[in-house]
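The primary structure of each chain is shown beneath.
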Amino acid sequence: MCLQWQTDLTQAAEQVLKDKASIQGIILASAKSTFFAGADLKGVMRSQASDGPRVFTEIEGIKKAFRTIETLGVPVVSCLNGTALGGGWEVALIGHHRIATANPKTQFGLPEVTLGLIPGGGGITKMTRQLGLLAAQPYVLESKLFGPEEAQKLGLVHEIVASDDQLRPRALAHIAAAQGQPEAAQHLWDRKDYKMPGGTPSNPKIAGMLSVAPAVLKQKTRGLYPAPEAALAAMVEGAMVDFDTAMRIESRYLAGLMTSQVARNMINTFFFNMNSIKGGQSRPKAAPRYKPQKVGILGAGMMGSGIAYSQASRGIATVLKDREAAEKGKAYSHKLTQKRVDKGRMTADKQAALLSLIQPTASASDLKGCDLIIEAVFENRELKAKVTQEAEPMLAEGGFFASNTSTLPISGLATASANANKFVGIHFFSPVDKMQLVEIIRGAQTMTRRLRVLRLRAGPGQVADCGERLARFLYQPYLWHLCDGRRGMLGEGIPAPVIENLAMQVGMPVGPLAVLDETALSLSVHVLDQTREDFAKEGKTYQATPGELLVERMVKEHKRPGRAAGGGFYDYPAGQKKVLWPELKTRFEKSGVSYSQQDIKDRLLYRQAVETARCLQEGVC
Ligand SMILES: CCCCCCCCCCCCC[C@H](O)CC(=O)SCCNC(=O)CCNC(=O)[C@H](O)C(C)(C)COP(=O)(O)OP(=O)(O)OC[C@H]1O[C@@H](n2cnc3c(N)ncnc32)[C@H](O)[C@@H]1OP(=O)(O)O
């Protein structure tokens, strides 16, 4: 929906109006494999708050042309050969009759709110009038997309054809059959006898539900996303007025959002940046994709067991080695898959096939022939060196070795390896089966080519390539510094519930103290001890931060090592929700400490911004 398209649309609408007498019907079709991708998001990115009035006029201009076509008095048929999203679906909705090609890859719907916008090209008004205020909500407020079959069930598509070449003949046949039938040239909502399915907001049942809808929505958005709130308002306000006024209400809300910083940020992040990542922007262009045939995992703790699951679920033969816990580690994959089997999301056969790929063992000789071995043992240099030296000789010709360490410098660990140039960090995140990020860390001697191959091999999702940043890694120091600031606040005497709640209010999924509990306070203390030792070896003294000292007290003095060990900043009563450890109040809170909620929010976010900028500066990609 770029400017050129807007001009062409206006001209086409003026033309059909002139030629009205000689037109029997109109076919909307696309010359591309995608039917229509909607508003020009690059154009939206360029808009500023001061463009509001102009954007409102543009939106209204587009909808006036839509209206000219759909109220001309002739049947309009949309031939949907492919995906129609956002403004693209709104174009499809001009048609009184919609025919789609059967294709499981085709997507229809209104993704606007995921981009900080609303379907203000008629999408809200028309979907609400077609489906009703309640049934339309998932499609408008939650951007639920749907394929041709679901569209047909919803009455949004009227015919499905097997192939694109059948679209035009079917459309022509429909137009021929519709001659002399005025209702075939009219939308449902333009008919005199139209009634909104389920009722309008004046219906007491609907009114009751609508009275709680803003609160329910706010619980989900925490008031941080303006688009879903605007979409709900446009739906409800629009349902109380005539069609044209409803369309204008939509346009007003959309113009405000389209020229907002929030929408620009969301479009940039969730569309353009995500597309670049998915398209492998930083991957080498020429290197072929590669999948290891056999992977060895050393250590069947929480991380090792999760990594074994992640490899096996991608069809990779996996050897899980642990002196005592290998069977237990494999049982973790059984537990994960059993939940899916129980819910009918996985067949028992598929579960059995996945589990058969995991070979638990206590013997290093079973690692023979692995083309990748990932060490995931306890964060202890001596232990890591020992298992590296034991396992490395088992690697297949050309194979390489990786450490899943989250805290220890790769170059240092690589000194235990006979092939430091084939030694890298592959850092998975906990819980491995859920977390998309995998961090690849180059040691000082890691061959770049090795790293490139690895980036194509790596785990579940996105990969960050970071050199050995600040002698630790990308995400870990990121989290470290963030959490350090936050636990430091607790040390200043700020009440723990205030820190946790304000973090959630700025958009974090859980509070920082909860995150620290998950990653284990004992791990932080272990790193602190190791850092002190490292400094001491160089004749220096490490000055621990207030945050580090607080966690050290939690672990060493109060015996609160974290969630896995039964409790940390939180208590975890069995079968109940976690609660903040009541003694935090007496041990850390300082009565009379003064703080501003806004300052705390800013501190939480500034730290994140500074760390992100530092990553960019250091070329992490
Ligand atoms: C001054 C302010 C200007 C104001 C403009 C006023 C316009 C007014 C319009 C108002 C009325 C309508 C309002 C409407 O309700 C709002 C919207 O429509 S929001 C947009 C909703 N659409 C989407 O979210 C779809 C986005 N696209 C996709 O999901 C996918 O591209 C696809 C359609 C599923 C196709 O996928 P693929 O085949 O894999 O193709 P690619 O994704 O690789 O895309 C190829 C290429 O095209 C670029 N591109 C795709 N869609 C858009 C887009 N909507 N805007 C801009 N560019 C788009 C994509 O980035 C790729 O580019 P490349 O990487 O090759 O450079």
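Since the model is a prediction, treat every value here as computed from it, not as a measurement.

Engineer: Would you mind showing me how to read the environment of Gly122 here?
Structural biologist: Note on placement: Gly122 falls in the loop between strand S5 (108-109) and helix H5 (123-131). A residue is classified by how much of its surface remains accessible, and Gly122, at 0% relative accessible area, is buried. In sequence terms Gly122 and Val91 are 31 residues apart; their C-alpha atoms lie 8.8 Å from each other. Excluding residues within four positions of it along the chain, Gly122 makes contact with Lys63, Glu90, Met127, Met247 and Glu250.

Engineer: I would appreciate a short explanation of the nonpolar core in the present structure.
Structural biologist: What tends to happen in soluble globular proteins is that the nonpolar side chains get buried as a cluster. Core analysis: the biggest nonpolar cluster contains 71 residues, and Ile26, Trp89, Val91, Phe108, Met127 and Val140 have the highest contact counts within it. Filtering out sequence-adjacent residues up to four positions away, Trp89 remains in contact with Leu80, Ala84, Phe108, Gly109, Leu110, Met127, Phe146, Leu156 and Val157.

Engineer: In this structure, what is going on with the packing of H5 against helix H11 (residues 243-258)? I would like to understand it.
Structural biologist: The angle between the axes and the distance between the axes are what describe a pair of packed helices. Between H5 and H11, whose axes approach to 8 Å, the crossing angle comes to 135 degrees. Considering their axes alone, H5 and H11 lie oblique with respect to each other. Along its contact with H5, which presents Gly123, Ile124, Thr125, Lys126 and Arg129, the element H11 presents Phe243, Ala246, Met247 and Glu250. Here the contact of H5 with H11 is built from residues that sort into four nonpolar, two polar and three charged.

Engineer: I keep staring at the domain arrangement of the protein and nothing clicks. Help me out?
Structural biologist: Accessible area lost during the coming together of the parts is what is often quoted as the interface size. As assigned here, the protein comprises domain 1 (24-270), domain 2 (294-453) and domain 3 (475-617). The C-alpha centroid of domain 3 is placed 46 Å from the C-alpha centroid of domain 1.

Engineer: Looking at this structure, how should I read the site of the ligand?
Structural biologist: Close to the ligand lie 32 residues; Ala39, Leu41, Gly87, Glu90 and Glu112 are nearest. In this structure, Ala39 approaches the ligand through a main-chain N or O atom, which is 2.8 Å from a nitrogen atom. In this structure, Leu41 approaches the ligand through a main-chain N or O atom, which is 2.9 Å from a nitrogen atom. Contact with the protein chains removes 69% of the 1,300 Å² of surface that the ligand exposes when unbound. Mapped by element, the contributors of at least two residues to the shell around the ligand are helix H2 (41-46), helix H3 (52-70), helix H4 (87-92) and helix H12 (261-278). A per-element tally of the shell around the ligand places H3 first, with five residues. Among the residues forming the shell around the ligand, the class breakdown is 16 nonpolar, ten polar and six charged.

Engineer: Explain the pattern of salt bridges to me, please; I cannot follow it from the model alone.
Structural biologist: Any two side chains of opposite charge can pair, so long as their charged atoms come close to each other. Enumeration over the complete set of coordinates arrives at 26 salt bridges. Two residues, Glu159 and Arg170, come together in a salt bridge whose shortest N-O distance is 2.6 Å. With a gap of eleven residues between them, Glu159 in strand S6 (residues 159-161) and Arg170 in helix H8 (residues 167-178) connect regions that are remote in the sequence. The class of Arg170 is partly exposed, set by a relative accessible area of 33%.

Engineer: It is not clear to me how unusual backbone geometry should be interpreted in this structure. Could you clarify?
Structural biologist: Glycine aside, residues mostly have negative phi angles, and peptide bonds mostly take the trans form. Phi at Arg222 takes a positive value of approximately 50 degrees, unusual for a residue other than glycine. Mapped onto the secondary structure, Arg222 falls in the loop between helix H9 (204-221) and helix H10 (226-239). Classification of Arg222 as partly exposed rests on a relative accessible area of 35%. Not every positive phi belongs to a glycine, and Lys559 is a case in point at roughly 55 degrees. You can see Lys559 is positioned in the loop between helix H23 (546-557) and strand S15 (570-571).

Engineer: Would you take a moment to explain the side chain of Thr83 for this structure?
Structural biologist: Within the secondary structure, Thr83 is located in the loop between strand S2 (76-80) and strand S3 (84-85). For Thr83, a relative accessible area of 19% puts it in the buried group. Separated by 3.1 Å, the side chain of Thr83 and the backbone nitrogen of Gln107 make a polar contact.

Engineer: Would you take a moment to explain the side chain of Arg560 for this structure?
Structural biologist: Within the secondary structure, Arg560 sits in the loop between H23 and S15. Here Tyr570 takes part through its backbone oxygen, which lies 2.9 Å from a polar atom of the side chain of Arg560. Excluding residues within four positions of it along the chain, Arg560 makes contact with Leu521, Met554, Val555, Gly567, Gly568, Tyr570, Asp571 and Trp581.

Engineer: So what exactly am I meant to see when it comes to the pairing of strand S4 (residues 97-101) here?
Structural biologist: Remember that side chains alternate between the two faces of the sheet whenever the strand is regular. Burial analysis of S4 places five of its five residues in the buried class, the great majority of the element. Along S4, one buried face is formed by His97, Ile99 and Thr101 and the opposite face, lined by Arg98 and Ala100, is buried too. Where S2 lies against S4, four bridges are found, and the strand directions are parallel. Residue Val77 lies in a different strand from S4, and its bridge partner there is His97. Here three bridges tie S4 to S6, and the two strands are oriented parallel to one another. By the bridge assignment, Ala100 is partnered in S6 with Ile160.

Procedures and definitions
Residues numbered from 1 in each chain as written. Predicted model: local features only at pLDDT ≥ 70, side-chain atom pairs only at ≥ 80, totals over all residues. Heavy atoms only, no water. Helix = DSSP H or I, 4+ residues; strand = E, 2+ residues; numbered from the N terminus. Buried < 20%, exposed > 50% of the residue type's maximum accessible area, 1.4 Å probe, protein only. Contact = heavy atoms within 4.5 Å. Core = buried A, V, L, I, M, F, W, Y, C linked by side-chain atoms within 4.5 Å. Axes fitted to C-alpha atoms, helices over the stretch in contact; angles between N-to-C directions. Parallel < 35°, antiparallel > 145°, perpendicular 65-115°, else oblique. Nonpolar A, V, L, I, M, F, W, Y, C, P; charged D, E, K, R; others polar. Domains from an automatic or database assignment. Near = heavy atom within 4 Å. Polar contact = N/O pair within 3.5 Å; in protein donor to acceptor, adjacent residues only side chain to side chain. Areas by Shrake-Rupley, 256 points an atom, 1.4 Å probe, with all protein chains shown as cover. Salt bridge = Lys/Arg side-chain N within 4 Å of Asp/Glu carboxyl O. Pairing = 2+ DSSP bridges.

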